[in-house]
Amino acid sequence: MNLLVGNFLHEVFTNKMKLTNVIGIVWMFVMALILFGALPWGIYELHKYKQDEAVTAWFIAGVFVCLTLPTSIWDVAMHIEHYRNPKLQRHIIRILWMVPIYSVDSWLALRFPGAAIYLDTMRECYEAYVIYNFYALMMGYLKQRDPDYLQHAKERDPTKHIFPMCCLPRWQSGEQFFYWIRSGPISYVLFRILLTVIALICELSGSYHEGSIKPQYAFIWIAGINSLTQAWAMYCLILFFVTFKTELASSKPLPKLLVIKAVVFFSFWQAVTISFLAANDVIRDLPRRSTYNTKGEIAAALQDFIICFEMFIYAIVHHYVFSYTEFYVDGKRPLKMSFREKLMHLFTFDDVTEDVIDSVKSVAHLPIGSASQKSPLLTEEPKNYDGNVI
């Protein structure tokens, strides 16, 4: 043991080990110390002094949030530091922010249950934004691997659908195929935001009844439409992956697709399942006074608590699946962009708004020339604030 520590310190002080490796080793040590030392000790102390179960839940969830945030923020910082491919890294950073947003939002909803409906509304809106960014990321990979992808796509045979949509007529290759593929993520973005706002209004008016399958309440209708738009968005992404799996192979899209599906779609069905259990008295009201008394409050708190733990797992998975090392090339410097320019590029939403407008116009059979010509996913190359193509 002493020999291992001595060798480690020797490599650190003789600059034979990279700073990122040192930080990673120290972080793993601290994480293990918290998980196997501080966390069990804290739970024991809370139980010893007979603290309310809610306080114990806040403490445990808070520990996982404190472990999640540095992991995710480190990944975001590394992408910004090594900002060599803004066209792709912009979308990756937006996806990476999902984990800390989910984590903090869920802990706040757990700690302040009265504000949970408003906090969950914000979380679900960002969830839709993540789906769009994943689609945009895959389009960015395809465009960089094959600059003439649109022309090559036109030369393909009409796209055959896969299970369970085998009965649908084939989509013509070329622009029509990409518009249909884009319809999935874009429709999910629009419906998710709209239905989230409707759910908030129904909850405040007392007509939502989360977990109830009775048709006179809004929950069953909103959950049904959400599940359909989710399924369509995922089908479009999978069909896109299957169609261009050769061109996208070097970008390893499958792990990225699976982790996005796990975070967004699994969390949705997890919430639906917990709500259904509460509505059918599997989760029941507590007979004594507590922070969470009704089965609805208990179900919401359980969902938020589980998400706090799950986000810690997803933060570790994101570290490997969306790693900055994919864009790190020895000897190649990052683009000459200031930190302010990088942030402006990250938080500019012109790509989203233009693509949504273009999709809405195409669905409405209106002229799409102006929007399509400047759609950042099909035509225009992104530029930095010096006017140079990035």
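Counting restarts for each chain, with residues numbered from 1 along the sequence as it is written. Local features in this predicted model are restricted to residues of pLDDT 70 or higher, and side-chain atom pairs are both shown and tallied only at a pLDDT of 80 or more, whereas totals for entire chains, interfaces and linings draw on every residue. Hydrogens are left out, water is left out, and the side-chain values use all remaining heavy atoms of the structure.

1. Re the pattern of salt bridges
This is how it is decided: In what follows, salt bridge is the name for a side-chain nitrogen of Lys or Arg lying within 4 Å of a carboxyl oxygen of Asp or Glu. Helix and strand labels come from DSSP, where a helix needs a run of H or I of at least four residues and a strand needs a run of E of at least two; each type is numbered from the N terminus. Exposure classes here rest on a 1.4 Å probe applied to the protein chains alone. A residue is buried below 20% of its type maximum, exposed above 50%, and partly exposed in between.
This model, assessed by the stated rule, comprises 4 salt bridges. Note that D105 is salt-bridged to R123, the shortest N-O span being 3.6 Å. A residue pair is termed long-range when its members are at least 10 positions apart, and D105 in helix α5 (residues 98–111) and R123 in helix α6 (residues 116–145) qualify at 18 residues. Classification of R123 by relative accessible area gives buried; the value is 6%. R192 is the salt-bridge partner of E127, the closest N and O atoms lying 3.1 Å from each other. Of this pair, E127 sits in helix α6 while R192 is found in helix α8 (residues 175–205), placing the two residues 65 residues apart along the sequence.

2. Some remarks on the environment of Y118
The criterion, for reference: Contacts between residues were defined by any pair of non-hydrogen atoms, one from each residue, lying within 4.5 Å.
Within the element layout of this structure, Y118 appears in helix α6. Taking the C-alpha atoms as reference points, Y118 and L200, 82 residues apart in sequence, are found 7.5 Å from one another. In contact with Y118, not counting residues within four places along its chain, are L200 and L204.

3. Some thoughts on the packing of α8 against helix α9 (residues 218–243)
Rules: Working convention: axes come from line fits to C-alpha atoms, limited for helices to the stretch in contact. Angles between N-to-C directions cover 0 to 180 degrees. Oblique is the label for any angle not covered by the other classes, which are roughly parallel (under 35 degrees), roughly antiparallel (over 145) and roughly perpendicular (65 to 115). By definition, any crossing whose near helix is turned counterclockwise from its far helix by less than a right angle is left-handed, and any crossing with a clockwise turn is right-handed. Each residue is assigned to one class: nonpolar for Ala, Val, Leu, Ile, Met, Phe, Trp, Tyr, Cys and Pro, charged for Asp, Glu, Lys and Arg, and polar for all the others, Gly among them.
Contact pair α8 / α9: the axes reach a minimum separation of 9 Å and the direction vectors enclose 160°. Considering the angle they form, α8 stands roughly antiparallel to α9. Read as a crossing pair, α8 and α9 show a hand that is left-handed. Of the residues that constitute the contact of α8 with α9, the class distribution is 20 nonpolar, 7 polar and 1 charged.

4. As for the confidence of the model for the chain
Note the following rule: A residue's pLDDT is simply how confident the predictor is in it, with values from 0 to 100.
With 72% of its residues at a pLDDT of at least 70, the chain reaches an overall mean of 75. Across the chain, element-level confidence peaks in α5 with a mean pLDDT of 89 and bottoms out in helix α15 (residues 369–373) with 40. Below pLDDT 50 for its whole length, residues 380–390 participates in 24 contacts with residues either more than four positions away or in separate chains.

5. Examining the nonpolar core
Convention followed: Side-chain atoms within 4.5 Å are what join buried Ala, Val, Leu, Ile, Met, Phe, Trp, Tyr and Cys residues into a set we call a nonpolar core.
Counting 60 residues, the largest nonpolar core has F178, F240, I260 and F322 as its most contacted members. For this core, the element with the highest residue contribution is α6, accounting for 14 residues. The residues contacting F240, other than those within four sequence positions of it, are M138, M139, L142, F177, F178, I181 and L248. The next biggest cluster of nonpolar side chains, apart from the first, holds 8 residues, and it includes L195, A199, Y208 and F219.

6. Quick word on unusual backbone geometry
Although it is not a glycine, K252 adopts a positive phi angle of roughly 50°. Along the polypeptide, K252 turns up in the loop between α10 (245–248) and α11 (253–279). Residue class for K252 comes out exposed when judged on its relative accessible area of 60%.

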